[in-house]
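So the chains spell out like this:
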Amino acid sequence: MSYHVNEKGFYGNFGGAFIPEMLYPNVEELRQNYLKISAEPSFQEEFKYLLKDYVGRPTPLYFAERLSKEYNTKVYLKREDLCHTGAHKVNNTIGQILMAKKLGKTRIIAETGAGQHGVATATVCALMGLECIVYMGEVDIKRQAPNVARMKMLGAEVRPATSGSKTLKDATNEAIRDWINNPENTYYIIGSVVGPHPYPDMVARFQAVISEEIKQQLLEKEGRENPDYVVACVGGGSNAAGTFYHFLDDHEVKIIAVEAAGLGVDSGESAATSALGKIGVIHGSKTLLMQSADGQITEPYSISAGLDYPGVGPMHAHLFETKRADFIAITDEDAMNWGIKLSKTEGIIPAIETAHAFAVLDKMKFKPEDIVVINLSGRGDKDLNTYIDYFKL
Ligand SMILES: *Cc1c(COP(=O)(O)O)cnc(C)c1O
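Only a predicted model underlies this, so the values are computations on that prediction, with no experimental measurement involved.

With 13 residues, helix α5 (residues 116-128) extends 19 Å between its outermost C-alpha atoms, agreeing within 8% with the 18 Å of an ideal straight helix rising 1.5 Å per residue. Those residues of α5 that fall on the buried side of the exposure criterion are Q116, H117, G118, V119, A120, T121, A122, T123, V124, C125 and M128. In this fold, the buried residues of α5 make contact with α2 (41-55), α4 (89-102), β5 (107-112), β6 (131-137) and α7 (145-153). G129, located one to two residues past α5, shows a positive phi value of around 65°.

Written as structure tokens, this is what we have:
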């Protein structure tokens, strides 16, 4: 069984490139070049250099002593919260901006929901001195004012999407329209392991630095490369893909993917795609998708903006179908409580997305000798207002 993409762009039954004909030349150009370019020594050199001196990699693998005592197992935290801009997303945008430059592109577009991917994209465009246009739903622009301000400070133009529900999917439609109209000079940076092939595979490879480092760091700390468990939260699935990547074929490593249950999987207000989704096509990819009986995409809900996505990347749909990964859904309430718990136990305020992953410690039983690596995908600064409102801090 392969858990990696095949030459047609599929992970088992999922993936592919279901795109309008007008988009074909852009996607095909990328498909034909992404592996060749990313294998070039000059690409690898610059990618590694920027991850080190700009992003701050390798991020530490931190042994969480107090959590380990409390749960009577060995808990390690992979500190992606310490990346420049506060989360793992920048690993991917660094990789893609270098790809864009190698392809001779001069104009960058992206779409963003909560603004985190928009900020990570605006950051690398500033770094490279490239024009940056970020599409964002009008409603999200109002809800996410600090990230809009960040993008503007970084020199990006934030263009409101005013159609439909004026949120992420409408911003995505606008970005795709832009790309169709500007095929020559424009590169579209997608923010997770979603979208048409080759995006899911390309983004997974850029994020795979996370598991590459975990292996080296565990070898140094524990004398073995493989933990017993790797745990990560899943929105589109990029931090999880990076955390799982180099363990996919090591079957002694159990993989736990954590989705957002929102108010509860059966409440009608949820984003637990593996539990609720059926096969469908979103953003050019065949995957599991939350949809109505007649195939309309249903609105997801989670208190964390980064997990509030109606699908998962095709790699995760395949990991779910083949049972290579266990999928667990965690409610808003459990995640929010873990935001406080991690803060008070380890002195680390996590992003709310990340807090979902920690709740696994309460849902599963681990042995004292087990090594459990939890990917700490991001820090909680961006979520402070949500924490304040929720807990009346
Ligand atoms: C965006 C985000 C996520 C969700 O995105 P993935 O592509 O699933 O990783 C998770 N955690 C943090 C901190 C984020 O910013």
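Let us look at the pairing of strand β14 (residues 371-375). Most of β14 is tucked away: five of the five residues are buried. Direction of pairing for strand β4 (residues 74-78) relative to β14: parallel, over a ladder of five bridges. Bridged to L77 within β14 is I374. Pairing between strand β9 (residues 229-233) and β14: three bridges, direction parallel. Bridge pairing in β14 places V231 opposite I374.

Contact geometry of helix α1 (residues 24-39) with helix α9 (residues 199-207) gives a least axis separation of 10 Å together with a crossing angle of 25°. Taken together, the axis directions place α1 and α9 in an arrangement best described as roughly parallel. Judged by the sense of rotation from one axis to the other, the crossing of α1 with α9 is left-handed. Where α1 approaches α9, its residues L30, Y34 and L35 are matched on the opposing element by Y199, D201, M202 and R205. Looking at the contact of α1 with α9 residue by residue, the classes come out as five nonpolar, no polar and two charged.

This next bit is on the sheet that holds β14. Spatial strand order, β3-β4-β14-β9-β10-β13: six strands in an open sheet with mixed pairing. Either end of the sheet is taken by a strand with one partner, and the two such strands are β3 (61-63) and β13 (325-331). Averaged over all adjacent pairs, the angle separating strand axes in this sheet is 25°, with direction ignored. Alignment of β3 against β4, held across three bridges, turns out to be antiparallel. Residue pairing in the sheet places Y62 in a bridge with L77 of β4. Lying on the sheet, helix α10 (residues 209-222) is in contact with β3, β4 and β14; it crosses β4 at an angle near 140°.

I97, M99, Y187 and F244 are the most contacted members of the largest nonpolar core, which totals 86 residues. With six residues, α4 is the single largest residue contributor to this core. Those residues in contact with Y187, other than ones at most four positions away along the chain, are L30, Q96, M99, A100, L103, K105, R107, I108, I109, W179, Y199 and M202. Counting residues in each nonpolar core, the second largest holds 32 residues, with L67, W338, L342 and V360 among its members.

Let us look at the sheet that holds strand β8 (residues 186-188). Taken together, the four strands give an open sheet; going across it, the order is β7-β6-β5-β8, and neighbouring strands pair in parallel fashion. Two strands in the sheet have a free side with no partner beyond their single neighbour: β7 (157-161) and β8. The mean angle between the axes of side-by-side strands here comes to 25°, regardless of whether they run parallel or antiparallel. Against the sheet, α4 touches β5 and β8, its axis set at about 155° to β8. Relative to β5, helix α8 (residues 168-181) is tilted by about 160°, and along the sheet it contacts β5, β6, β7 and β8.

This part is about a nonpolar patch on the surface. Taken together, the side chains of I349, L384, I388 and L393 define a hydrophobic patch exposed on the protein surface, amounting to about 370 Å² of accessible area. Within the fold, I349 resides in the loop between α14 (332-346) and α15 (352-358).

Residue position: E353 is located in helix α15. Only 2.8 Å separates the side chain of E353 from the backbone nitrogen of G306, close enough to count as a polar contact. Side-chain polar atoms of E353 contact the side chain of K382, separated by 2.8 Å. Ignoring anything within four residues of it in the chain, the contact list for E353 reads C233, S304, A305, G306, L307, K382 and D383.

Let us look at the packing of aromatic side chains. In this structure the tally under the stated criterion is 13 aromatic pairs. What links up through ring pairs into an aromatic cluster is the set F43, F47 and F206. Over the ring of Y229 we find K254, and its NZ or CZ is 5.0 Å from the ring centre.

The rolling of a water-molecule-sized probe over the atoms marks out the regions of remaining empty space. Of the voids in this model, the second largest pocket is the one considered here, and its volume is about 440 Å³. Contributing to the lining of the second largest pocket are 23 residues, with Q44, F47, K48, V209 and E212 lying nearest its centre. Listed by contribution, the elements that provide at least two residues to the lining of the second largest pocket are α1, α2, α9 and α10. By residue number, the principal contributor to the lining of the second largest pocket is α2, which donates six residues. Within the lining of the second largest pocket, the residues separate by chemical class into 13 nonpolar, four polar and six charged.

Definitions and limits used
- Residues numbered from 1 in each chain as written.
- Predicted model: local features only at pLDDT ≥ 70, side-chain atom pairs only at ≥ 80, totals over all residues.
- Heavy atoms only, no water.
- Helix = DSSP H or I, 4+ residues; strand = E, 2+ residues; numbered from the N terminus.
- Expected span 1.5 Å × (residues − 1).
- Buried < 20%, exposed > 50% of the residue type's maximum accessible area, 1.4 Å probe, protein only.
- Contact = heavy atoms within 4.5 Å.
- Pairing = 2+ DSSP bridges.
- Axes fitted to C-alpha atoms, helices over the stretch in contact; angles between N-to-C directions.
- Parallel < 35°, antiparallel > 145°, perpendicular 65-115°, else oblique.
- Left-handed = near helix turned anticlockwise from the far one by under 90°.
- Nonpolar A, V, L, I, M, F, W, Y, C, P; charged D, E, K, R; others polar.
- Core = buried A, V, L, I, M, F, W, Y, C linked by side-chain atoms within 4.5 Å.
- Patch = residues over 30% accessible without salt bridge, like charges linked within 9 Å, V, L, I, M, F, W, Y side chains within 5 Å.
- Areas by Shrake-Rupley, 256 points an atom, 1.4 Å probe, with all protein chains shown as cover.
- Salt bridge = Lys/Arg side-chain N within 4 Å of Asp/Glu carboxyl O.
- Polar contact = N/O pair within 3.5 Å; in protein donor to acceptor, adjacent residues only side chain to side chain.
- Phe/Tyr/Trp six-rings, centres within 6.5 Å; stacked < 30°, edge-to-face > 60°.
- Lys NZ or Arg CZ within 6 Å of the ring centre and 35° of its normal.
- 1 Å grid on protein atoms, 1.4 Å probe; cavity = no way out; pocket = protein on both sides within 12 Å on 5 of 7 lines; lining within 4 Å.
- Points joined across faces, edges and corners; volume = space filled by probe spheres on them.

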